[in-house]
Amino acid sequence: MAQEHGTPGTAGASQGSGTARVLSPEVDVTVPSVARMYDYYLGGKDNYAVDRAAVAELDKMAPSTRPLAINNRRFLQRAVRRLAEDHGIRQFLDHGSGLPTQDNVHQVAQRVDPKSHVVYVDDDPIVLAHGRALLQEDDRTAVIQADMRDTDAIFDHPETRRLIDFSQPVAALFVSVMHCIPDPDPEQLLERVVDRLPSGSFLVINQLVSEHQETRDFVTTFMNESTNDHWGRVREAHEVEKYFEGLEILEPGLGEINDWRPDSDLGPKQLTDEWYEFGGVARKP
């Protein structure tokens with residue numbers, strides 16, 4: 001469980017430290033944040049009572065969300081490791097990265113090759129603050145604050161230009177973030193990104209889908225009305241398949257992410273089927 005924090009406006013003391021973090025005035029802790037809710041689901045400590053209350057409400061309709069979040073994180077780690085080990089990818093651009101947690105992209109990639117470069121992208125100021133604190137001694141990794149739909153701003157950012165060589169293959173990550181983007185932006189966003197990536201680059205894409213109209217409607221409405229984020233919607237699997245048009249899909253293809261090259265069957269099980277994460281990994285020809 002996440003550690004309890006202080007009153008809104010001040011964060012709890014950092015683990016292993018006698019000093020308290022001071023939040024940027026940009027950080028609104030009176031409204032739930034998707035990044036902080038996800039942090040809570042993963043057992044993190046960078047969340048507040050308002051985020052935990054939103055999680056409790058969401059769990060009433062979608063009680064499988066905690067194991068779903070954990071398994072999503074494991075998919076991210078497997079995909080990064082496989083791209084680094086099997087395909088020699090040494091550059092990663094992580095869109096909508098969220099708050100730092102255990103075994104982040106740069107840690108997975110740099111275990112394969114310490115010279116791997118990673119740029120994290122998020123528009124939440126608390127992500128920027130925590131990410132920069134984590135990475136202050138790692139000059140091969142950076143976190144930039146940007147709307148993940150603003151491809152030109154991301155690709156042309158000085159830190160991206162410093163770390164990413166676009167004459168060489170890059171892995172662009174969109175892990176559990178496309179449902180945060182309203183229509184018709186997801187497909188247009190991916191078209192822009194693919195257009196700017198060199199041949200031989202990879203995309204890792206998955207998002208929340210549901211076969212139940214009630215779940216899709218409830219979660220989409222709840223997240224749009226309750227959080228400080230501009231949310232999109234829960235979609236159906238056939239809609240996500242369109243994201244991969246024109247790309248070479250890696251085995252085992254598209255599907256529920258727990259089935260994508262699992263290391264074992266020891267991950268937490270979803271006891272209900274109201275929604276799941278659907279996607280895969282693909283290469284730009």
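The numbering scheme is per chain: residues are counted from 1 as the chain's sequence reads. The predicted nature of this model means local features are confined to residues of pLDDT at least 70 and side-chain atom pairs, given and counted, to a pLDDT of 80 or more, with totals for whole chains, interfaces and linings taken over all residues. Derived side-chain values reflect all non-hydrogen atoms in the structure, with water molecules and hydrogen atoms excluded from consideration.

Asks: Residues and numbers for the nonpolar core, please.
Replies: The nonpolar side chains of soluble globular proteins are, as a tendency, buried together. Ranked by size, the top nonpolar core spans 51 residues in total, and within it Phe 174, Met 178, Val 193, Leu 197, Leu 203, Ile 205 and Trp 275 carry the most contacts. Note on contacts: a residue pair qualifies if any of its non-hydrogen atoms lie within 4.5 Å across the two residues. When sequence neighbours within four positions are dropped, the list of residues in contact with Met 178 reads Pro 186, Leu 189, Leu 190, Ile 205, Asn 206, Gln 207, Arg 235 and Tyr 243. If you look at the next biggest cluster of nonpolar residues, it comprises 25 residues, including Ile 89, Val 105, Ile 257 and Val 281. Definition of nonpolar core: a set of buried residues of the types Ala, Val, Leu, Ile, Met, Phe, Trp, Tyr and Cys, connected through side-chain atoms within 4.5 Å. To sort residues, take the accessible area from a 1.4 Å probe on protein chains only and compare it with the maximum for the residue type: under 20% means buried, over 50% means exposed, and anything in between is partly exposed.

Asks: Got a sec to walk through the packing of helix 3 (residues 65–87) against helix 4 (residues 105–112)? Specific residues and values, please.
Replies: Only the contacting stretch of a helix is used when fitting its axis, a line to C-alpha atoms as for every element, and angles between N-to-C directions run 0 to 180 degrees. In this description a helix means any DSSP run of H or I spanning at least four residues, a strand means any run of E spanning at least two, and both kinds are numbered starting from the N terminus. Close contact between helix 3 and helix 4 brings their axes to 9 Å; oriented N to C, the two are set at 30 degrees. Between helix 3 and helix 4, the interaxial angle falls into the category roughly parallel. The element helix 3 and its partner helix 4 pack so that their crossing is right-handed. Along the contact surface, helix 3 presents Leu 76, Gln 77, Val 80, Arg 81, Ala 84 and Glu 85, while helix 4 presents Val 105, Val 108, Ala 109 and Val 112. Under the scheme applied here, ten amino acids are nonpolar (Ala, Val, Leu, Ile, Met, Phe, Trp, Tyr, Cys and Pro), four are charged (Asp, Glu, Lys and Arg), and all others, including Gly, are polar. The residue makeup of the contact of helix 3 with helix 4, split by class, is seven nonpolar, one polar and two charged. Angular relationships are summarised with four words: roughly parallel below 35 degrees, roughly antiparallel beyond 145, roughly perpendicular across 65 to 115, and oblique for the angles in between. For any helix crossing, the convention is left-handed if the near helix is rotated counterclockwise from the far helix by under a right angle, and right-handed if that rotation is clockwise.

Asks: Tell me what's going on with helix 8 (residues 185–196), and back it up with residues and numbers.
Replies: Under the convention used throughout, the expected extent of a helix is 1.5 Å for every residue step, that is, one less than its residue count. Taking 1.5 Å as the rise per residue, helix 8 with twelve residues should run 16 Å; its terminal C-alpha atoms sit 17 Å apart, in good agreement. When helix 8 is considered as a whole, its buried residues turn out to be Pro 186, Leu 189, Leu 190, Val 193 and Val 194. Down the axis of helix 8, the buried set is contained in an arc of 130 degrees. They therefore lie on one face. In helix 8, the exposed positions that point more than 90 degrees away from the buried face belong to Glu 191 and Asp 195. Regarding the arc, it is the one traced by the directions from the helix axis to the C-beta atoms.

Asks: How would you summarise the packing of aromatic side chains if you had to cite specific residues and measurements?
Replies: Two rings from Phe, Tyr or Trp (for Trp, the six-membered ring) form a pair when their centres sit within 6.5 Å of each other. Planes less than 30 degrees apart are called stacked, planes more than 60 degrees apart edge-to-face, and all others tilted. Within the structure shown, the criterion is met by three aromatic pairs. Ring centres of Phe 155 and Phe 166 lie 4.9 Å apart, and the angle between their planes is 20 degrees; this geometry places the pair in the stacked category. With a gap of eleven residues between them, Phe 155 in helix 6 (residues 151–155) and Phe 166 in the loop between helix 7 (158–163) and strand 4 (171–175) connect regions that are remote in the sequence. Ring geometry for Phe 218 versus Phe 222: centroids 5.8 Å apart, planes at 10 degrees, classification stacked. One end of the pair, Phe 218, and the other, Phe 222, are both in helix 9 (residues 213–226), four residues apart, so they sit about a helical turn from each other. A relative accessible area of 26% places Phe 218 in the partly exposed class. The exposure class assigned to Phe 222 is buried, which follows from its relative accessible area of 12%. In this structure, Arg 66 is placed above the aromatic ring of Tyr 40, and the distance from its NZ or CZ to the ring centre is 5.2 Å. Note on geometry: a ring has a charge over it if NZ (lysine) or CZ (arginine) is within 6 Å of the ring centre and within 35 degrees of the ring normal.

Read these as geometric descriptors, not functional statements.
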